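# Structure at a glance
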Amino acid sequence: MTMALSHDELFQIFSQLPAKAIYKFTSTSKFFSKFPKETYFASKQTQNALLRDDTCFFIQTEIIAPWYSGQIELHPLPGEELSSGVSNDVLRLLSKSAHILSSSNGLILCRAMSQEQVKLFICNPATQSWLPIPAPKHLQKSIDVNFVGFECDSDDFMVFLFCDNSDDWSSYVDCNVYLSKEDVWKAREENFFTGERNLKFDRPVHHNGAIYFISDCAPYLKKNSPYFRPYIMSYNFEDGKSRMLRVPKEARKGSHDRSCDMRIFKWGKATNSNQSICLVRLRKHVFTVWVLTKYESSLWRRVLKVRVKAMGLLEKDPVVKGFAVLNGDFLVFATKNKVYGYGLIDMRIQEIREHGCESNVLRFTSYSNTLRTCGTGVGTLPLSSYMWNC
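Residues numbered from 1 in each chain as written. Predicted model: local features only at pLDDT ≥ 70, side-chain atom pairs only at ≥ 80, totals over all residues. Heavy atoms only, no water.

### Overview of the overall build of the protein
Helices and strands together make up the secondary structure of the protein, namely six helices and 25 strands. For the protein, the C-alpha radius of gyration of 21 Å lies close to 21 Å, the compact-globule estimate for 390 residues. Summing over all exposed atoms, the protein offers an accessible surface of approximately 18700 Å²; the carbon and sulfur share of this is 48%. Averaging the locations of the 49 positively and 40 negatively charged side chains of the protein gives two centres separated by 6 Å. (Helix = DSSP H or I, 4+ residues; strand = E, 2+ residues; numbered from the N terminus. Rg over C-alpha atoms; globule rule 2.2 N^0.38 Å. Areas by Shrake-Rupley, 256 points an atom, 1.4 Å probe, with all protein chains shown as cover. Lys, Arg positive; Asp, Glu negative; His and termini not counted. Charge placed at Lys NZ, Arg CZ, Asp CG, Glu CD.)

Printed below as a string of structure tokens:
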């Protein structure tokens, strides 16, 4: 193969592969072993990955407290079994030492478990590399800081942090942004207005230069409050403006029911110029999904309403423990022992595999194998010790 194709041709072919497949080839010859070590090749492979769907996902116990540990598993999406994976040593380390907060372009943002202070780090599980990120000094001792994830491209990333610094509960929270190239936290001048409800800061959606959060559904406000029903708030990073989006009228009905769980996700493929936001509601064992079609008027279009039992599961009385929309159109959800995928375009159900996470609430994080570097000062994951000791 190396004789039939030029170096440039092999470069282009291999840069289209996920990191796991590339590492498999490195053991076959010295020629292939050079690719992952080349900075330009790693950058090209990372750029190509931005245009592809994620190939797998992490599943873990919902974060209860910063010092609580839980099982973390990685599962491939259907058809990606041979091209995605992470070392079991890495999964064991993360399970014992950290919570996965977010993922973007092959990097994961994690919070090391600690009862004393906030410790963040960026990690590439495929290359087994990591980079600690110091929290802002005035927040290092704040255990209840809301870290909301990050966004990265092929050569830069930003971490977003929202925190309430007031003594009493406030509808305004501070916004801090960490820029990897500058290695510094910067406080935004404009605060984020959250409304009168609690927002799900651990479930952000980044879209068109803004970050979106959905509120909770609990019935603790008076009916005459404009925030009586759940809503979505966005913060625009360009102008610092906060904006409220109404959820569909159908979604508001029965939203105070104890079984109601609403979450938002990105809708549409990475290559689709018409990407948007989708709202998923699970209430009384019924999934309903809407897509935002007009931002200015909060206009939504319903694309799915189906009872869990009617989706074709073989389980007798399935109870959903967690769900997410991956790759813009694939609903993934977990029951007691199994993970399923449901196409929101073709409406087909697939059993992905069994899981071993013992919790009433499970969390999904989409992931893709890339050679993306963590940045300047990157180190090798300390697989033989805990993160907070490093």
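And the narrative resumes.
### Some details on the pairing of strand S2 (residues 72-76)
Counting buried positions over the five residues of S2 gives five, a clear majority of the element. Judged from the five bridges that link them, strand S1 (residues 56-61) and S2 form a sheet pairing that is antiparallel. Residue Phe57 lies in a different strand from S2, and its bridge partner there is His75. (Buried < 20%, exposed > 50% of the residue type's maximum accessible area, 1.4 Å probe, protein only. Pairing = 2+ DSSP bridges.)

### Re the sheet that holds strand S23 (residues 349-354)
Pairing is antiparallel across the open sheet formed by four strands, whose spatial order is S20-S21-S22-S23. Bordering the open sheet on either side are strand S20 (322-326) and S23, each of which pairs with just one other strand. Strand-to-strand, the axes of this sheet are offset by a mean angle of 20°, without reference to chain direction. Bridge count between S20 and strand S21 (residues 330-334): five bridges; the pairing is antiparallel. Looking across to S21, one finds that Gly322 is bridged to Ala334. (Axes fitted to C-alpha atoms, helices over the stretch in contact; angles between N-to-C directions.)

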